[in-house]
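Structural overview for review
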Amino acid sequence: MTAADSAPRQPHAIAHRVRRGARRLTAPVRRRLGWFVWGTGAGVYVLAVFHRTSLGVAGPLAEQRFSLNAAQLGTFVTLQLGVYALMQVPTGIMVDRFGPRRMLIAATTTMGIAQIGFALVQTYPLALLARGLLGCGDAMTYISVLRLVAAWFPARRYAVLTAVTGLLGSVGNLVATLPLTVLLTHFGWTATFIVAGSLSLGYVVLLLRPAIRQPAEDTPQRAAGGRVAGHRVWAELRQAWKVPAGRLGFWVHLTTMTGPTVFSVLWGFPYLTEGLRYPENTASTLLLLMVFVGIVASLAIGVIVSRRPVVRTPVAVGVALSCLIAWLGLIGWPGGRPPSAVVIVAIVLLAVGGPTSTVGFFLARDYNPRHRISTATGMVNVGGFAGSVIGVYVVGQILDLVDANQAHHTLMAFRWAFAAMAVLTAVGLTRMVTWWLRTRAEVLLATARGEQVPVHITAHRWELVDTVLLAKEAERARSLAAANGGADGNGDAGADASTDDSADDSADDSADGSAQPLTATDDEAAVPAPPADPAHPVRTTRPAAGEETAT
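About the criteria used
- Residues numbered from 1 in each chain as written.
- Predicted model: local features only at pLDDT ≥ 70, side-chain atom pairs only at ≥ 80, totals over all residues.
- Heavy atoms only, no water.
- Helix = DSSP H or I, 4+ residues; strand = E, 2+ residues; numbered from the N terminus.
- Buried < 20%, exposed > 50% of the residue type's maximum accessible area, 1.4 Å probe, protein only.
- Contact = heavy atoms within 4.5 Å.
- pLDDT = per-residue confidence, 0-100.
- Salt bridge = Lys/Arg side-chain N within 4 Å of Asp/Glu carboxyl O.
- Phe/Tyr/Trp six-rings, centres within 6.5 Å; stacked < 30°, edge-to-face > 60°.
- Lys NZ or Arg CZ within 6 Å of the ring centre and 35° of its normal.
- Axes fitted to C-alpha atoms, helices over the stretch in contact; angles between N-to-C directions.
- Parallel < 35°, antiparallel > 145°, perpendicular 65-115°, else oblique.
- Left-handed = near helix turned anticlockwise from the far one by under 90°.
- Nonpolar A, V, L, I, M, F, W, Y, C, P; charged D, E, K, R; others polar.
- Patch = residues over 30% accessible without salt bridge, like charges linked within 9 Å, V, L, I, M, F, W, Y side chains within 5 Å.
- Areas by Shrake-Rupley, 256 points an atom, 1.4 Å probe, with all protein chains shown as cover.
- Expected span 1.5 Å × (residues − 1).
- Core = buried A, V, L, I, M, F, W, Y, C linked by side-chain atoms within 4.5 Å.
- 1 Å grid on protein atoms, 1.4 Å probe; cavity = no way out; pocket = protein on both sides within 12 Å on 5 of 7 lines; lining within 4 Å.
- Points joined across faces, edges and corners; volume = space filled by probe spheres on them.

1. Some remarks on the overall build of the chain
- Secondary structure summary: the chain contains 21 helices and zero strands in total.
- Among the 551 residues that make up the chain, the fraction classed as buried is 58%.
- At a minimum sequence separation of 6, the contacts of the chain that also span at least 24 residues come to 82%.

Shown next as structure tokens:
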């Protein structure tokens, strides 16, 4: 090794090596470059979460500035999250087509303009326009960052890095609670939001640097067969929706994320201050506690599901059930006013839901070919934000219905409004369990046919398939294997099981060292595409060479 090789390399020097040929990067250089590229993208996500949650403590000031009632205030968040949800699938498609760096530049520019506009406008319609534009920029961030993770890091690190990304997002949430309250108090509405928007616009300069531009656009980002052509967009979306684990991820994200978002982004602060009559400092501290619990939970869940992916769906179901218990505790406590200890426990239980929603992204990443990862991730992300939009809107409508023509909302009104959140959580939990059972059935059928799956599971009495059907599938698979062996002289029936997509993925993964993971667990099946034989409803694919799988 020469002295030049042993010397520390700066990001711009590494980027120069990327320009000369990314596939010749050594493992240490690629690892350092991956951390640098991901960290830069994660900074945009920190800003996005800050902008998204800034209205949580600025809500009372917004009511005064624009003369709003509860439903109108809720419309701010409903519109912002609604635009976010509607943009998820288009964003996933655009990330797959144009790359994450361009999307991150568009995101931070859009958010900066939106926040500056929100600081300056004086009318409610223009303020709505600004928040809708903010939601559009916000929608482009998380999927882009996850695409960087998928491209630059091996499968075994995906869960941890996704959790760390969420943890960094919690930093933005942290700044948007107590510190933002102080800034609004001392500097006022206009100055605070102008500074916030200027931070996003300033971040564009970093994304335009050559050390970021070239690595983020280079070969690893397009390793899975190139950009998605326009005529394939809806086909890719349909394929992602057909994956049973994708449906499971959709409901996991909706059920675990909706409650914490509704509480932290808008209605938690008014509930604590108007309903329970807590001082504003106490309410801010409790929301700050929610952020800290989310940070700890992000690390813990990321490490747990990375080391033991077998537990990720049970963990998601358990957390969703705990969120339902939290809502029931707040609305059902005798007399309607739970003691402080119960409120704290409920906040802690809800706070864990946000980090747990990332399980849905693991499912999207694991069970789709690389060129479809961002599209599938966007589909999953729609779940949580669609649920949040519904929750924010319904809570605001119920508050105004119960406390019509009142300046402040009573505790009884919040109890009725939060009852709707309990119902929404219960519905989502039911759908989670339904798709969990269906996915287990798909795994059992694939195993019976002799198809290769990362983890084999044992059938129980409560499965959706019985032993008779599994035996028939096994016999049918043996007959097809014998027929195929006689026709082409090759008795390995599973050799042609993979689709063109999965074959291309394996080749690209081997080339750039960043394989698509297929860490299916005993709760989930890898079902990236419909089978070639229409008689087979499900098929799994082989993990790429050299990848670690759950055992």
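2. Looking at the confidence of the model for the chain
- Per-residue pLDDT for the chain averages 77, and the proportion of residues at 70 or more is 78%.
- Under a pLDDT of 50 for its full length, residues 489-551 has, in the predicted model, 160 contacts with residues more than four places off or in other chains.

3. Description of the pattern of salt bridges
- Summed over all chains, the structure comprises four salt bridges.
- Residues E463 and R440 are paired through a salt bridge, measuring 2.5 Å at the closest nitrogen-oxygen approach. Linking E463 in the loop between helix 19 (411-448) and helix 20 (467-488) with R440 in helix 19, this pair joins segments that are 23 residues apart in sequence.
- A relative accessible area of 4% places R440 in the buried class.
- In this structure, the salt-bridge partner of E475 is R478, at a minimum N-O distance of 2.8 Å. With E475 and R478 both in helix 20, this residue pair falls three residues apart, about one helical turn.

4. Details of the packing of aromatic side chains
- Applying the stated rule across the entire model yields 22 aromatic pairs.
- With a centroid separation of 5.6 Å and 80° between ring planes, the pair formed by W35 and W38 is classed as edge-to-face. Residue W35 and its partner W38 are located together in helix 3 (residues 27-53), separated by three residues, close to a single helical turn.
- With relative accessibility at 37%, the residue W35 sits in the partly exposed group.
- Stacked on the ring of F118, the Lys or Arg R131 has its end atom at 4.8 Å from the ring centre.
- Over the face of the ring belonging to W435 we find R438, whose NZ or CZ atom lies 4.6 Å from the ring centre.

5. Concerning the packing of helix 8 (residues 141-152) against helix 18 (residues 373-402)
- Where helix 8 contacts helix 18, the two axes come as close as 10 Å, and the packing angle between them is 140°. Compared by their axis directions, helix 8 and helix 18 come out oblique. Remark: the crossing between helix 8 and helix 18 carries right-handed chirality. Residues I143, L146, R147 and A150 of helix 8 form the contact with helix 18, whose own contacting residues are I373, S374, T377 and G378.
- Residue classes in the contact of helix 8 with helix 18 are distributed as four nonpolar, three polar and one charged.

6. Structural notes on a nonpolar patch on the surface
- A cluster of nonpolar residues, L401, V402, M412 and W416, forms a patch on the protein surface that exposes about 440 Å² of accessible area.
- Breaking the nonpolar patch down by element, the ones donating at least two residues are helix 18 and helix 19.
- Mapped onto the elements, M412 comes out in helix 19.

7. Topic: helix 16 (residues 340-356)
- In this model helix 16 runs 25 Å from its N-terminal to its C-terminal C-alpha over 17 residues, within 8% of the 24 Å that 1.5 Å per residue would give.
- By the burial criterion, the buried members of helix 16 are V343, A346, I347, L350, A351, G353, P355 and T356.
- Next to the buried residues of helix 16 lie helix 13 (244-275), helix 14 (280-307), helix 15 (312-332) and helix 17 (359-366).

8. A word on the environment of Q72
- Counting through the fold element by element, Q72 comes out in helix 5 (residues 70-98).
- A relative accessible area of 27% means that Q72 is categorised as partly exposed.
- The spatial distance from the C-alpha of Q72 to the C-alpha of Y393 is 9.3 Å, given a sequence separation of 321 residues.
- Beyond its immediate chain neighbours, meaning those up to four positions away, Q72 contacts S67 and Y124.

9. Details of the packing of helix 13 against helix 16
- Running from N to C, helix 13 and helix 16 cross one another at 135°; their axes reach a closest spacing of 7 Å. When the interaxial angle is binned, helix 13 and helix 16 end up oblique. In this structure, helix 13 meets helix 16 at a crossing whose hand is left-handed. Residues V252, T256, M257, P260, F263 and L272 of helix 13 pack against V343, I347, L350, G353, G354 and T356 of helix 16.
- Split into classes, the residues belonging to the contact of helix 13 with helix 16 amount to eight nonpolar, four polar and no charged.

10. So, the environment of Y271
- Within the fold, Y271 resides in helix 13.
- Exposure remark for Y271: the relative accessible area of 1% places this residue in the buried category.
- When the C-alpha atoms of Y271 and A413 are compared, they prove to be 9.6 Å apart, with 142 residues separating the residues in sequence.
- For Y271, the contacting residues outside a window of four places in its chain are F263, L276, L330, P338, L411, F414 and F418.

11. Notes on the nonpolar core
- Among the nonpolar cores identified, the biggest contains 139 residues, and F66, F76, F118, F263, W267 and Y271 are the most heavily contacted of them.
- The biggest single contributor to this core is helix 13, with 15 residues.
- What F263 contacts, discounting residues up to four positions off in sequence, is G268, F269, Y271, L287, M290, W327, I347, L350 and F418.
- In this structure, A441, V443, L445 and I457 belong to the second largest nonpolar core, which totals eight residues.

12. Side note on empty space enclosed by the protein
- Per the stated rule, a full pass over the model turns up four cavities of 30 Å³ or more.
- As a volume, the largest cavity reaches approximately 620 Å³.
- Lining the largest cavity are 36 residues, and of these Y45, R52, N173, G354 and P355 lie nearest its centre.
- The element that contributes the greatest number of residues to the lining of the largest cavity is helix 14, accounting for seven residues.
- Its residues assigned to classes, the lining of the largest cavity shows 18 nonpolar, 17 polar and one charged.
- In this structure, the second largest cavity occupies an estimated 60 Å³ of space.
- Lining of the second largest cavity is provided by G56, G59, P60, E63, A70, L73, L266, W267, F269, P270, E274 and H409.
- Broken down by element, the lining of the second largest cavity gets its largest block of residues, five residues, from helix 13.
- Of the residues assigned to the lining of the second largest cavity, the class counts are seven nonpolar, three polar and two charged.

13. Details of the side chain of N381
- Tracing the chain through its elements places N381 in helix 18.
- With near-sequence residues (within four places) excluded, N381 lies in contact with Y84, Q88, H253 and F361.

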